[in-house]
Amino acid sequence: MKKFVALAAALCLAVSLAACGSAPSSSAPAADDTNGTDNTVSTAEGGELEGAVTTGGSTSVEKVILALQESFMNANPGVDVTYDPTGSGAGITGAAEGTLDIGLSSRALKEDETGLVGTTFALDGIAIIVNNENTVTDLSLEQIKGLADGTITNWSEVGGPDAPVVLIGREAGSGTRDGFESIVGVEDVCVYQQELTSTGAVIAAVAANPNAFGYASLSAVDEKVKAVTVDGVAASEATVQDGSYKVQRPFVFVTKEGAELSAAAQSFMDYALSADAHQLIIDAGAVPLA
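Counting restarts for each chain, with residues numbered from 1 along the sequence as it is written. Two thresholds apply to this predicted model, a pLDDT of at least 70 for residue-level local features and 80 or more for giving and counting side-chain atom pairs, whereas whole-chain, interface and lining totals are computed over all residues. Only hydrogens and water are set aside; all other atoms, that is, all heavy atoms of the structure, feed into the side-chain values.

### Considering the nonpolar core
The tendency in soluble globular proteins is for nonpolar side chains to be buried as a group. Applied cut-off: Nonpolar cores were defined as sets of buried Ala, Val, Leu, Ile, Met, Phe, Trp, Tyr and Cys residues, with membership established by side-chain atoms within 4.5 Å. Residue burial is assigned from relative accessible area. The probe radius is 1.4 Å, only protein chains are included, and a residue is buried under 20% of its type maximum, exposed over 50%, and partly exposed in between. For helices the rule is a DSSP run of H or I covering at least 4 residues; for strands it is a run of E covering at least 2, with both sets numbered from the N terminus onward.
Among the nonpolar cores identified, the biggest contains 30 residues, and Ile128, Leu139, Trp155, Phe180 and Phe213 are the most heavily contacted of them. Of all elements in the fold, only strand E4 (116–130), helix H4 (141–149), helix H5 (175–184) and strand E8 (212–217) reach the threshold of two or more residues within this core. Per element, the largest residue contribution to this core is four residues, and it comes from E4. Counting 27 residues, the second-largest nonpolar core is a separate cluster that includes Leu49, Tyr83, Leu261 and Phe268.

### Examining unusual backbone geometry
For Asp188, which is not a glycine, the phi torsion comes out positive at approximately 70 degrees. Of note, Asp188 is situated in the loop between H5 and strand E7 (194–196). On the basis of relative accessibility, which here comes to 76%, the residue Asp188 falls in the exposed class. We note that Asp231 has phi near 50 degrees; this positive angle belongs to a residue other than glycine. With respect to the helices and strands, Asp231 occurs in the loop between strand E10 (229–230) and helix H7 (237–242). For Asp231, a relative accessible area of 35% corresponds to the partly exposed category.

### Some remarks on the pattern of salt bridges
Counted only if it meets this: We define a salt bridge as a side-chain nitrogen of Lys or Arg found within 4 Å of a carboxyl oxygen belonging to Asp or Glu.
As enumerated under the stated definition, the model contains eight salt bridges in all. Two residues, Glu171 and Arg170, come together in a salt bridge whose shortest N-O distance is 3.1 Å. A residue is classified by how much of its surface remains accessible, and Glu171, at 22% relative accessible area, is partly exposed. When salt bridges with common partners are traced through the structure, they connect Asp124, Asp178 and Arg249 into a single cluster.

### What to know about the confidence of the model for the protein chain
Quick reminder of the rule: What pLDDT expresses is the predictor's confidence in each residue, scored from 0 to 100. The contact criterion used throughout is that any non-hydrogen atoms of two residues lie within 4.5 Å.
Of the residues in the protein chain, 84% have a pLDDT of 70 or more, and the chain-wide mean is 86. Contacts from residues 1–45, a stretch scored under 50 in pLDDT, to residues over four places away or in other chains number nine contacts.

Written out as structure tokens, the structure reads:
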């Protein structure tokens, strides 16, 4: 009888030890699953964004993009947003070919640029400026074209003084110059008396010459010169936003249709389109969407 009890006790002890020894092996698969987690995720521990966002294209959007880039990266230190100023055409091509997360264009997409999505994130208003002594207060787009291409050579032809027209503009490659010439339809035919390297220099030169006119970003115009109305509409944030002021163009994000952006790229676009970015866009010389 004593042998039977001792044998039973020994068996119970063995079963108990076996059960205890199996516990670690039952949790092993969970440990393996954790170690096998993909580390190329879009958010870091704590939910912070991580990753690179490549943008490139229009040189005209440079100030706006750099302002958005700096603000966004300050708020999201795990994200690196880059910008390559290569021109609108290259930005559109980069988006189409997938070499850029986001292409940048200072014009709307054309009908034959298929397979892409254009998202306007800001507008560019370009003021037409004259000397404060000039009596001209309004010009049509056709008159502006004539003044720029040399068809109209005297201010008296558009209701102004009997004085020669002096066009002052930006240097070749300037985004403001590209915008003015493409909107008015005078690419490569403008008759410039002076080509200057900054908006401030253009404003100063027009202010110093009673016969001069030129163009400048809306946000840069001050009391030193006079901004004329175009077809009766004054340049303002409101008239650029509602489309009634004609000398304007869109700043556009270009993405590939059907391609999902990374979390970082989508977040950057969302930020640029949000009300939080409006003041940055204004400070950079552009007009935010309404």
